[in-house]
Amino acid sequence: MSEASIYPFKKIEKKWQEAWRKNNVFSASVSCDKPKYYLLEMFPYPSGRIHMGHVRNYTIADVAARYKMAQGYQVLHPMGFDAFGQPAENAAIKNKTHPKTWTLKCIDWMRKELEAMGFSYDWNREVSTCLPEYYRWNQWIFLKMFERGLVYRKEALVNWCADCATTLANEEVIDGKCWRCKKEVVQKDLEQWFIRITEYKERLLDDLEKLDHWPSQVIAMQKNWLGKSEGVEIYFRMKGSDTILPVFTTRQDTIFGATYVVLAPEHPLVKQLIKDSPQEKEILDFIDKVAKETKTVRTASDVKKEGRFTGAYAINPVNNNEIPVWIADYVLMEYGTGAIMAVPAHDQRDFLFAKEHNLELKIVIESQNSKAGRQNELLEAYEGDGIQVNSAQFDGLSNQEAKVKIARWMEESGIGKKTTNWRLRDWLISRQRYWGTPIPVIHCDSCGIVPVKEEDLPVELPDKVEFSGTGGSPLSYVKSFIQAECPRCKGRARRETDTMATFFDSSWYFLRFCSPKYDKAPFDKKEAAYWMPVDQYIGGIEHAVLHLLYSRFFTKFLRDIGLLDLSSPIGDEPFLRLLTQGMVLKEGEVMSKSRGNIVDPDSIIKNYGTDTLRLYILFAAPPEAEMEWSERGIEGAFRFLNRVWRLLDHLDRLPKDAQISPILKKETHRAIKKVSQDLENFKLNTAISAVMELVNAIYREIETDIREAARVAVFLISPFAPHMAEEMWQRMGNNESILSAGWPEYDEKFLREETVTMAVQINGKVRSKVDVSCDITEDELKKTVLSDDKVKDRLKDEVIKKFIVIPKKLVNIVV
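Structure report, in brief.

What counts as what
- Residues numbered from 1 in each chain as written.
- Predicted model: local features only at pLDDT ≥ 70, side-chain atom pairs only at ≥ 80, totals over all residues.
- Heavy atoms only, no water.
- 1 Å grid on protein atoms, 1.4 Å probe; cavity = no way out; pocket = protein on both sides within 12 Å on 5 of 7 lines; lining within 4 Å.
- Points joined across faces, edges and corners; volume = space filled by probe spheres on them.
- Nonpolar A, V, L, I, M, F, W, Y, C, P; charged D, E, K, R; others polar.
- Helix = DSSP H or I, 4+ residues; strand = E, 2+ residues; numbered from the N terminus.
- Buried < 20%, exposed > 50% of the residue type's maximum accessible area, 1.4 Å probe, protein only.
- Pairing = 2+ DSSP bridges.
- Axes fitted to C-alpha atoms, helices over the stretch in contact; angles between N-to-C directions.
- Polar contact = N/O pair within 3.5 Å; in protein donor to acceptor, adjacent residues only side chain to side chain.

**Digging into the layout of surface pockets**
Counted as a void, the second largest pocket has a volume near 1300 Å³. Together, 42 residues line the second largest pocket, and T299, L332, Y335, R349 and R423 are the ones closest to its centre. Taken together, the residues that form the lining of the second largest pocket break down as 18 nonpolar, 13 polar and 11 charged.

Have a look at this one:
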C-alpha cells in the first residue's frame, strides 16, 4: 500500500478543526429562511478528562447535528459545564487548591478534549454554572419562586451524607447511598430550604401524556416517582382517648381484615403513646436504630422487617375491633399519613410481619376460582381480586365493586374520606457546602427572613475561604460573607450560608443557551421562543427522575411568570424528543477508575484518529444499548476508513471511457434511502452498515464510472467521520464545506426492481428458476418458462393441466 493510500488523520483532523473554528461553521443564529433544530446533550461536570461515556454521548449528538445542518436546518448545538458541586470542594481539600481554580482549569482541559473530537459545538454560547453571570440568574429565579410562595424553610428530617457533610434530596439517594460519593445516607433533623414542586404535581403527571417521543421507561419512572394513588383516609380512634389516627389506604376493600396498625418510627404520635410505659426505652432505642437505616433498606422486599409493639390499641371504625398499634421500619413517614392498616391475609409484607410476631390473620376476600382457605392455613397473602367475605353488608360483592361502595359508606358514616396521595415531596435544595450558588436570603432578628433585593444580585461567593472537609459549610466561618445589612430595616443581619443543590443550576441551562450573553433576564424571551423546545435531548437514563423532572418543573414555572412564550405541540415541556444512551462496558463491567478498566480516548485518537473512534463507538451497538469495548473493533473501523480513503486513488485512475453501472446506481440510491431513514431514527449502527455496503458495491464495480457513488459515499459517512469526509470532498474538487452542499436525495425510480427471479415448480417441486421482467405478461411468462431447458427436459411429452402463477415469486406447472 502506498503512503498516499493511508488516511493521514493527524494532519487532516487538525486542519479541519481549525477551519471550522476560523469560519464559525457551527455558529447558530435566528433565521427566517431555515427551519430551526435545537440539539442538546446533558452538559458534563468538568472533571477535567472526557471518558468513553462522554465520547459516545456527544458523538451520537454530533452525528445528528451534522445531518440536520446538511439538510438545511439552522442548528443550535451548544456546550457548557455543570460546574458547581461537592467533587470540586473535595478536590480542593485533597489538592490544597481553591475549587474555582480547580474547576476552571478542568473546564479548559475538557474544552480542548471536546474540540479535539471535532464536535460541532457553537462555543460562542458556552456557559459555566459556577460563574456569577450564570448563578446570578439562579438567585433571580429563586427570588421569583420566593415571591410566589414556592420557597419555604422548615426543620425536617432529611437525608444526610456524613462523608460530603451535606443534605441530599430524596432523588439524590440511590439505593440508600449518596449519588455522588456512594456512601451510606442517614436521617437527620435540620432547618432546610425547600421548593414546593408539589404545587405542580398534577401538571407534571398529566403532561407526560404529551411526550410521545420519550422512552416509555423514563415516562414510567417519572410516573412512579410522582406516585399518584387514589384511596381512602380512614379514621382510627386510639383506645381510651379521643385521639384520631388517620390511615391512608388504596385497599379499602380489605378494611374488615385489618388486624393491627403500624406507625412509622418517626410518627409524632409514637413518643406520646410510649411515654412512661415499660417498653419506652426499648422503643426509643429501636427508633434510633431505624434512623440510621436508609429508606431503600427499610422498604426492600428481600430484607426482614423489624418492629415493636407500643402497648397501645386502636379501634377499627368499621367493626369496633381493638387492634394493636406497632411501629415498624418498613413504614415511612413521608408516604400517606405515616401510618398503615395491616391486613396480613391480603398483603405479603404484612403477612410476613404478622407471622414473625404471631399476629392475627383474617380473610376478607376469596378467589372466585378457589377458597382462600382458613386463616391459619395460609402460606402467603392472597393479593388478587375476588369476592368479599367476613365484610358485613359487603359480603358477596366483588372486591372492585366493594372498593367503591365501602369508600362511599365511610364518607357517609364520617369514618373516612376519599383522598388522593402522592409520593412526590417538596424539593430540598439546601446544601451545607461552599461550591454552589449562595441562597439570596438575609436573616434579621427584627424582620425575620428577608430576600436580597434583585438589584443586589449576584450574591457572590467569597474567594478567601478555608476548606477542612468537616463541620458543615465553609461559608459559615467567613465573617465578611456572613455579616450583612437587612434590606428592610437596615439593621445588622446574617447572610444565609447554605448553597443551592446543583440540580437547580441544571434545571434551566438549556434556556440560557438561547441567549447566553443576555444581561436583563435569565434569557431573552424572543430568542427562547424561537429555539424552544429542545428538539432532541440526549443523556443518561440515570437522570430520568432527577434532572428531567426538575427541568420540566422549571419550564412550567418560567412560563407561568411570563418569561417563556411557547407555542409548541408539547406546551410548556422543555424537550420534544429524548434519547437515553447506553453505558460503555469493558469485559462486561462499566468503565471506571476503581475497576481499572478505563480506556483513554486520547490514546485511541493518537493511534487511530478521532474519526476512527467516532465510527467505532457508533457502529458497535445501537445508541440505547450498552456497548462492549473491543480493540479489534477499533482496528476494523480504521481499516474501513482507509478503504474509503483509497477511493481517491481509484478516482484519479478512472478510465476516460468508464461507463455508469446500473447496479451501482441502484446501490447508491438504496444507500441514500437507508442511511437517511436510519439517521432520522437514530439507528446509527445500521446506517454505518449501509455505508459499508455501498463502499463494497463500489469496489465490486471499480472498473465502471464510480464518481457519483464515491461522492455519495463520502456524503453519507460525513456525519460519522467528518474530518476525512471534508478532506475527500475538497480533493474531489469542491470548494464549499460538505455541510453546505445539501444532503443527497434518493430517486425511487432507481429502487424499483426491473427483473425478478421466479421459481418454476412441476407438481409442487422446484425444477428450475427463470429471470424475467417485472412487468412481463402471463403469456410471455409461459413462453419463457416452457422454453427453459430444464423445464423442457422434465416435461417431455406430459400434458399440462394447469399453469399457476404467483406474481414475482413462482410458477407451478401441474401435469
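**Here we look at unusual backbone geometry**
Of the consecutive residues L457 and P458, the connecting peptide bond is found in the cis state with omega at 0°. Topologically, P458 is positioned in the loop between strand 20 (448-451) and helix 13 (479-482). Going from M532 to P533, the amide bond is cis rather than trans, its omega being 0°. Examined against the element boundaries, P533 turns out to sit in the loop between helix 16 (525-531) and strand 24 (536-539). Look at N320: it is not a glycine, yet its phi comes out positive at around 60°. What makes N320 exposed here is its relative accessible area of 57%. Backbone geometry places K796, a non-glycine residue, at a positive phi of 50°.

**Some remarks on the sheet that holds strand 22 (residues 492-495)**
Taken in spatial order, the four strands of this open sheet run 20-19-22-21, and their pairing is antiparallel. Every interior strand has two partners, whereas the edge strands, strand 20 and strand 21 (483-485), have only one. Put simply, the sheet's adjacent strands are angled 45° from each other on average, direction ignored. Here strand 21 pairs with strand 22 via three bridges, running antiparallel. Paired with A484 across the strands is A493, a residue of strand 22.

**Describing the side chain of Q432**
Within the secondary structure, Q432 sits in the loop between strand 18 (430-431) and strand 19 (441-444). Overall, the relative accessible area of 10% leaves Q432 in the buried class. One polar contact links Q432 to D498, side chain to side chain, over a distance of 3.3 Å.

**Looking at empty space enclosed by the protein**
Taken as a whole, this structure holds two cavities of 30 Å³ or more when the rule is applied. There is about 70 Å³ of room inside the largest cavity. Looking at the lining of the largest cavity residue by residue, the class counts come to four nonpolar, four polar and four charged. In this model, the second largest cavity occupies a volume close to 40 Å³. Sort the elements by how many residues they give to the lining of the second largest cavity and helix 25 (residues 722-731) lands first, with three residues. Of the residues that constitute the lining of the second largest cavity, the class distribution is six nonpolar, one polar and two charged.

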